[in-house]
Amino acid sequence: MSKKIPEKMTLLLVALLCVACKPEEATKNDPVVEVPASATEHTLIHNARIYTMDQGFSTADSIVFSNSGEVRFVGNVEPMLEMFPDAKQIDLQGKTIIPGLIDSHAHLAGLAQSLAQAQLQGTTSKEDVIRKLREHETGLSEDDWLLGRGWDQNDWPVQEFPSSADLDREFPDRPVWLRRIDGHAAWGNSAALAMADQDLSGDWQPQGGHIYRDEKGQASGVFIDGAMSLVGKAVPEMSPELMQASLDLALQQMVSLGLTGVHEAGASLQVLAWYQQRIRDGKFPTRVYAMTDGAGETLDWLCENGAVIDDSGRLYMHSVKLYIDGALGSRGAALLTDYSDDAGNSGLLFMPPEVLEAMVDKALGCGFQVGIHAIGDRGNRVALDALEASISRHPDNPGRHRVEHAQILTAADIPRFARLGIIAAMQPTHATSDMYWAEKRLGAERVQYAYAWRSLLDSGAHLALGSDFPVEQVNPMLGIHAAVTRQDIKGWPEGGWYPQQVLTREEAVRGFTLDAAYAGFMEKSVGSLEPGKRADFIVLDKDVMQIDAAEIPSIRVLQTWLDGELVWKR
Ligand SMILES: [Zn+2]
């Protein structure tokens, strides 16, 4: 039964509905908004503390959405009860609701892969790594490689790169191949190195990479960036069954931590095909905004076929991921001057600037967004230069290009982001992971412009926040905590690390909601709770805007809703 809306309320409803309307969708010929014939096809959640994360930072106590997953009304409960008398009601007993969180830079397929490997994050010594590897080996069959991810020599008593010999004693026959925490270095045993299809000894180095060698010129076991593929390409592919099982675990982890969206920073066509199959099977409880893995075959395919836009609203590929340098931890980040703790070494550019510019040009010419991985101040400058040159040649490209990480900048380059409309896609937990040693690498001067969220935001740039999982942990609350405190979860250092760069709660949560949506061209449908948008939201056990900042990491997600459907419940 439809119910007539009092006139005053109709006007209010029209006004609210049109917050998210595009001009051409305005209801100018249709002044009365009709309540749908079957009002039971709505859910009304009331007695909640709702942060809508709209531009005005509104709060509300109730939300109504249709069963098709569209938000109809956010505000006070009284008019909603009258408008939607037959809606299914849920009393939230004062719990907090915020929009579903969106990680604007992560690796979902990488998380799935890593869940099938030995998890070495948090290991405190080589012995600790070997103990974890032995545990993991019990689940392997005879021919499997022993793969792992997450070691970090900076967390060990002796902060030096390990060698093959460290692994050979325990694993003389089975190939062992272990990616460093940042994914920019790998450590292999002799059995793995023997699988390379070329002789690794001598004094040569591959393009954009580095092989560590002993005095005799033999590869000693650690490979940086462009050198990793020398051994890495011999690693057998995961079976489709193992990949699907691991993807289940990865998706489960995401929704249980309140993520309703992720920007996948580098996906192949094969990964895209897996996701599409899962969407058809109804087993994909998230939204993926995907970037290609470089300017190769995936970009060629996109240029020919256009952006991937799945009707489900769960998959969108319109973006090209490029890389200009490596990571700070492995000294692969390209700096303008030498590392402060390694004279003569200023890191590596993956390719000459003109090659990057040609790739950017190709992507922009095909109409796509570009996101360039840049860590060092030289890497960032080269990325900004390439974007600046190419943007001016492609005025029809929709823009919103991004620098992924934008980690170490110079004072001169910070204002270029806002001026060029370039989004800084940053990961707050990178700062709190790196703060123990970053100043050693960079010195007291350069570090002022590292992880400089506040400076970028104040310059007028768009920020989009993320985690870079599985490099960092998946939990977005850790990112919000790092953004507002610049402290680790133990509260170190007191007052925060370079605390002039902290964000407010509102800015941090917006970085994981509306600003992340903007970076993926999705701000019209997700990122805030407003009429006309998708009902993607999460229920928290504590109020993320009010509790003590030190408690943010312990916030639990109680429910995750996607498209108005409860996809996870604690
Ligand atoms: Zn990444």
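The numbering scheme is per chain: residues are counted from 1 as the chain's sequence reads. The predicted origin of the model limits local features to residues at a pLDDT of at least 70 and limits the giving and counting of side-chain atom pairs to 80 or more, whereas totals for whole chains, interfaces and linings rest on all residues. The basis for the side-chain values is all heavy atoms of the structure; hydrogens and waters are excluded.

Observations regarding the nonpolar core
Definition used in this section: a nonpolar core is a set of buried Ala, Val, Leu, Ile, Met, Phe, Trp, Tyr and Cys residues joined via side-chain atoms within 4.5 Å. With a 1.4 Å probe rolled over the protein chains alone, any residue whose accessible area is under 20% of its type maximum counts as buried; one over 50% counts as exposed, and the rest are partly exposed. Membership of the largest hydrophobic core comes to 102 residues, with the highest contact counts inside it found for L108, Y275, L328, F417 and V544. Here this core gets six residues from one element, more than from any other, and that element is helix α8 (residues 240-256). Only heavy atoms matter for contacts: two residues are in contact if any of them lie within 4.5 Å across the pair. Setting aside anything within four residues of it in sequence, one finds Y275 in contact with L108, A109, L247, E264, F284, V288 and L315. One finds A118, L120, I130 and V176 within the second-largest nonpolar core, a separate group that totals 16 residues. Secondary structure is summarised from DSSP: a helix means a run of H or I of at least four residues, a strand means a run of E of at least two, and numbering begins at the N terminus for each.

Re the sheet that holds strand β11 (residues 176-180)
At least two DSSP bridges between two strands are needed for those strands to be called paired. Taken in spatial order, the six strands of this open sheet run β9-β10-β11-β12-β14-β13, and their pairing is mixed. Two strands bound the open sheet, and with one partner strand each, they are β9 (118-119) and β13 (209-213). Relative to strand β14 (residues 219-225), strand β12 (residues 185-188) runs antiparallel, the two being bridged by three bridges. Residue W187 lies in a different strand from β14, and its bridge partner there is V222. Its contacts with the sheet put helix α4 (residues 126-137) on β9, β10 (146-151), β11 and β12, and the angle it makes with β10 is roughly 140°. Between the N-to-C directions of two axes lies an angle of 0 to 180 degrees, each axis being a line fitted to C-alpha atoms and, for a helix, fitted only over the stretch in contact.

Quick word on the side chain of H184
As for its position among the elements, H184 is in the loop between β11 and β12. Only 2.6 Å separates the side chain of H184 from the side chain of D225, close enough to count as a polar contact. In this structure H184 touches F223, I224, D225, M228, D325, G326, A327, S330, F350 and H373, once residues within four positions along its chain are discounted. Pairing of N or O atoms within 3.5 Å defines a polar contact, subject to two protein rules: one partner must be a possible hydrogen donor and the other a possible acceptor, and residues neighboring in sequence count only if both atoms are side-chain atoms.

Observations regarding the pairing of strand β7 (residues 96-99)
Direction of pairing for strand β2 (residues 49-51) relative to β7: parallel, over a ladder of two bridges. Its bridge partner being in β7, R49 is matched across the sheet by T96. Pairing between β7 and strand β23 (residues 537-540): four bridges, direction antiparallel. Paired with T96 across the two strands is L540, which belongs to β23.

Description of unusual backbone geometry
Along the chain, F469 connects to P470 via a cis peptide bond; the corresponding omega equals 5°. Looking at the secondary structure, you find P470 in the loop between β22 (463-465) and α17 (476-485). Cis geometry is found at the peptide bond from W492 to P493, where omega equals -10°. Take P493: it is sitting in the loop between α17 and α18 (505-511). For R400, which is not glycine, the phi torsion reads 55° and is therefore positive. Of note, R400 is situated in the loop between α12 (377-393) and β20 (402-405).

Re helix α15 (residues 438-446)
Listed as buried for α15 are A438, R441, L442, G443 and R446. Against the buried residues of α15 lie α12 and α14 (428-434).

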